[in-house]
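For reference, the chains in residue letters:
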Amino acid sequence: MDATIYHNPKCGTSRNTLALIRNAGLEPKVIDYLATPPSKTELSAIIAAAGLTVRAALREKDTPYASLGLADPALSDDALLDHMIAQPILINRPFVVTPLGTRLCRPSEKVLDILPDTHKGPFAKEDGEKVIGEDGKRLV
């Protein structure tokens, strides 16, 4: 199965999501979206496929969200997408795309909804929270 993760290696949630994908026996295409952001068209399609609004896909924490005035409800989706492409740190993460769906994987275990049930064994997140049991089955 193909899988793509829009990844930030500095983000614990993104690292946990990538590790869960690999625990399912998949080696995803890893896109460092900060270095190689998707096009505006691609980003819009990913957000729509995840069932989100553009505003819901904006990252506020540790970004220029407030200083850019992006909370202004008068800003159109098109304008928000322009900001997200110009400053990819504004794109929430990680987005994962598989043939089973697209998700913004916050928390990281949301990725399990779009992965095959082929886990190689137990899995715990970096903070120790167990997500996959000894039997390879989902705990959360």
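As a reminder, the structure under discussion sits directly above these lines.
Report on the accompanying structure. All values derive from a computational prediction rather than experimental measurement.

### Brief notes about the overall build of the protein
Then step 1. Regarding its fold elements, the protein presents three helices and six strands.
Then step 2. Counting from the amino terminus, the protein carries its helices and strands in the arrangement β-α-β-α-α-β-β-β-β.
Then step 3. In terms of overall size, the protein behaves like a compact globule, its C-alpha atoms giving a radius of gyration of 16 Å where 140 residues would be expected to give roughly 14 Å.
Then step 4. By its C-alpha atoms, the protein is 50 × 30 × 25 Å across when sized along the principal axes.
Then step 5. Buried positions account for 44% of the 140 residues belonging to the protein.

### Description of the pairing of strand β1 (residues 4-7)
Regular strands place side chains that alternate from one sheet face to the opposite one.
Then step 1. By the alternation rule, side chains of β1 split into Thr-4 and Tyr-6 and Ile-5 and His-7, which are all buried.
Then step 2. With four bridges joining them, β1 and strand β2 (residues 29-32) adopt parallel strand pairing. Across the sheet, the residue bridging to Ile-5 is Val-30, located in β2.
Then step 3. This β-α-β element, β1 to helix α1 (residues 12-23) to β2, shows right-handed connectivity.
Then step 4. Direction of pairing for β1 relative to strand β3 (residues 95-98): antiparallel, over a ladder of three bridges.

### Thoughts on the sheet that holds β3
Then step 1. Read across the sheet, four strands follow the order β2-β1-β3-β4 without closing on themselves; strand pairing throughout is mixed. The open sheet has two edge strands with one neighbour each: β2 and β4 (101-104). The mean inter-strand angle of the sheet, taken between neighbouring strand axes irrespective of direction, is 15°.

### Remarks on the pairing of β4
Then step 1. Here four bridges tie β3 to β4, and the two strands are oriented antiparallel to one another. Its bridge partner being in β4, Val-96 is matched across the sheet by Arg-103.
Then step 2. Taken together, β3 and the strand that follows it, β4, pair antiparallel across an intervening segment of two residues.

### Focus: the nonpolar core
Then step 1. Of all hydrophobic cores here, the largest spans 19 residues; its most connected members are Ile-47, Leu-58, Met-84 and Phe-95.
Then step 2. Breaking this core down by element, the ones donating at least two residues are α2 (40-49) and α3 (77-86).
Then step 3. Those residues in contact with Phe-95 that lie beyond four places of it in its chain are Thr-4, Ile-5, Tyr-6, Ile-46, Ile-47, Ala-50, Leu-52, Ala-57, Arg-103 and Leu-104.

### What about α3?
Then step 1. What α3 keeps buried is the set Leu-80, Leu-81 and Met-84. For α3, the angular spread of the buried residues around the axis is 100°, confining them to a single face.
Then step 2. Summarising the contacts, the buried residues of α3 are in contact with α2.

About the thresholds
Residues numbered from 1 in each chain as written. Predicted model: local features only at pLDDT ≥ 70, side-chain atom pairs only at ≥ 80, totals over all residues. Heavy atoms only, no water. Helix = DSSP H or I, 4+ residues; strand = E, 2+ residues; numbered from the N terminus. Rg over C-alpha atoms; globule rule 2.2 N^0.38 Å. Buried < 20%, exposed > 50% of the residue type's maximum accessible area, 1.4 Å probe, protein only. Pairing = 2+ DSSP bridges. Right-handed = clockwise from strand over helix to strand, strands pointing away. Axes fitted to C-alpha atoms, helices over the stretch in contact; angles between N-to-C directions. Core = buried A, V, L, I, M, F, W, Y, C linked by side-chain atoms within 4.5 Å. Contact = heavy atoms within 4.5 Å. Arc of directions from axis to C-beta.

It is worth stressing that arrangement in space is one thing and function is another; only the former is reported here.
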